[in-house]
2 protein chains.
Amino acid sequence: MPHYTAKVYVTLKPSILDPQGRTVERALSHLEHDNVSGVRIGKYIELSLQGEHAEVEAQLKDIVGNVLSNPIMEDARWELTEA
Amino acid sequence: MPHYTAKVYVTLKPSILDPQGRTVERALSHLEHDNVSGVRIGKYIELSLQGEHAEVEAQLKDIVGNVLSNPIMEDARWELTEA
C-alpha cells in the first residue's frame, strides 16, 4: 500500500488573541527588532499515513479537524504528498 | 518602506525524540487510525517586518536563529514575501 506524507499547518483564527505571539513581539522589540509586528504562533505537524489515496485524504481531514486542531479557534490546512 | 511577511517553520531535528508527537500518535492509534506513523510536532510562525529587503532578510535570519528556534535541537526554515 502506498505511503503518504502529510504536512499540517494550524493557525489561530485572525479574531483570536495570540498572547504567545504578543510576548514574542514584545521580546523582539526589546532586542531592537521594533519593526516587527503581527507575530502569530501556530503549529506545524508532519505525519505519515499508509493506504489508498482517497481513504488517506478523508482520514487526514478527520484527524486534522478532530485531533490536531480546534475548529472553534483555529484554522487548519494541509498538504498530502506521496512519499 | 516596504512591508514583508515571513513564514517560519521550526521542526525538531530528526535525531531528537518528540514525546508530544508520540502521544498524538498513540491517541490516533486508539482512535483506529493505526496506519499513522512518524508524527512530529513543530511550530509555524507568521510575522510582519518593515524595511529594505536585504536588511529584513538578515534580521529575519537573526530572529529565527536566536529567538524563534533553538539551533541545538531544532531546524528552521523560512519564506519571506513582500506584503
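Use the structure listed above.
Structural notes, computed from the coordinates. Source: prediction; values computed, not measured.

Even without glycine at this site, A:Glu32 takes up a positive phi of about 70°. Within the secondary structure, A:Glu32 sits in the loop between α1 (19-30) and β2 (36-50).

A few words now on the sheet that holds strand β3 (residues 74-82) of chain B. The antiparallel open sheet is built from 6 strands, whose spatial order is β3(A)-β1(A)-β2(A)-β2(B)-β1(B)-β3(B). Looking at strand neighbours, the two that pair on one side only are β3 (74-82) of chain A together with β3 of chain B, the edges of this open sheet. With direction set aside, neighbouring strand axes in the sheet form an average angle of 20°.

Moving on, we get to α1(A). The terminal C-alpha atoms of α1(A), which comprises 12 residues, lie 17 Å apart, in line with the 16 Å expected from a rise of 1.5 Å per residue. Three or more residues of α1(A) are buried, namely A:Gly21, A:Val24, A:Glu25 and A:Leu28. Within α1(A), the buried residues cover an arc of 100° as seen down the axis, which keeps them to one side. Exposed positions of α1(A) whose direction lies more than 90 degrees from the buried face are A:Pro19 and A:His30. Buried residues in α1(A) make contact with β2 of chain A together with α2 (53-68) of chain B. Downstream of α1(A) by one or two residues, A:Glu32 has phi in the positive range, about 70°.

Turning our eyes to something else, we now look at the relation of the copies chain B and chain A. For the match of chain B to chain A, the screw axis carries a shift of 0.0 Å, the RMSD comes to 0.0 Å, and the turn is 180°. Each copy turns onto its partner about a two-fold axis. Every residue of chain B has its C-alpha some distance from the rotation axis, and the shortest such distance is that of B:Lys43, at 2.2 Å.

Glancing now at the interface of chain B and chain A. Each partner contributes residues to the interface: chain B has 28 residues there, and chain A has 28 residues. Buried area between chain B and chain A, both sides added, is near 2,400 Å², and the carbon and sulfur share of it is 58%. The three residues of chain B that bury the most area against chain A are B:His33, B:Asn35 and B:Tyr44, which together make up 22% of that side's buried surface. The interface formed by chain B and chain A includes 14 residue pairs in polar contact (both at pLDDT 80 or more). Looking at the side of chain B that touches chain A, the elements that each hand over two or more residues are β1 (3-12), α1 (19-30), β2 (36-50) and α2 of chain B. Ranked by residue count, the leading element in the side of chain B that touches chain A is β2(B), at 15 residues. Split into classes, the residues belonging to the side of chain B that touches chain A amount to 14 nonpolar, 9 polar and 5 charged. Bridge count for β2(A) against β2(B) is 11 bridges, and the pairing is antiparallel.

Criteria and cut-off values
Residues numbered from 1 in each chain as written. Chains lettered and ligands numbered in written order. Predicted model: local features only at pLDDT ≥ 70, side-chain atom pairs only at ≥ 80, totals over all residues. Heavy atoms only, no water. Helix = DSSP H or I, 4+ residues; strand = E, 2+ residues; numbered from the N terminus. Pairing = 2+ DSSP bridges. Axes fitted to C-alpha atoms, helices over the stretch in contact; angles between N-to-C directions. Expected span 1.5 Å × (residues − 1). Buried < 20%, exposed > 50% of the residue type's maximum accessible area, 1.4 Å probe, protein only. Arc of directions from axis to C-beta. Contact = heavy atoms within 4.5 Å. Least-squares fit on C-alpha atoms with pLDDT ≥ 70 in both. Buried area = accessible area lost by both parts, 1.4 Å probe. Polar contact = N/O pair within 3.5 Å; in protein donor to acceptor, adjacent residues only side chain to side chain. Nonpolar A, V, L, I, M, F, W, Y, C, P; charged D, E, K, R; others polar.

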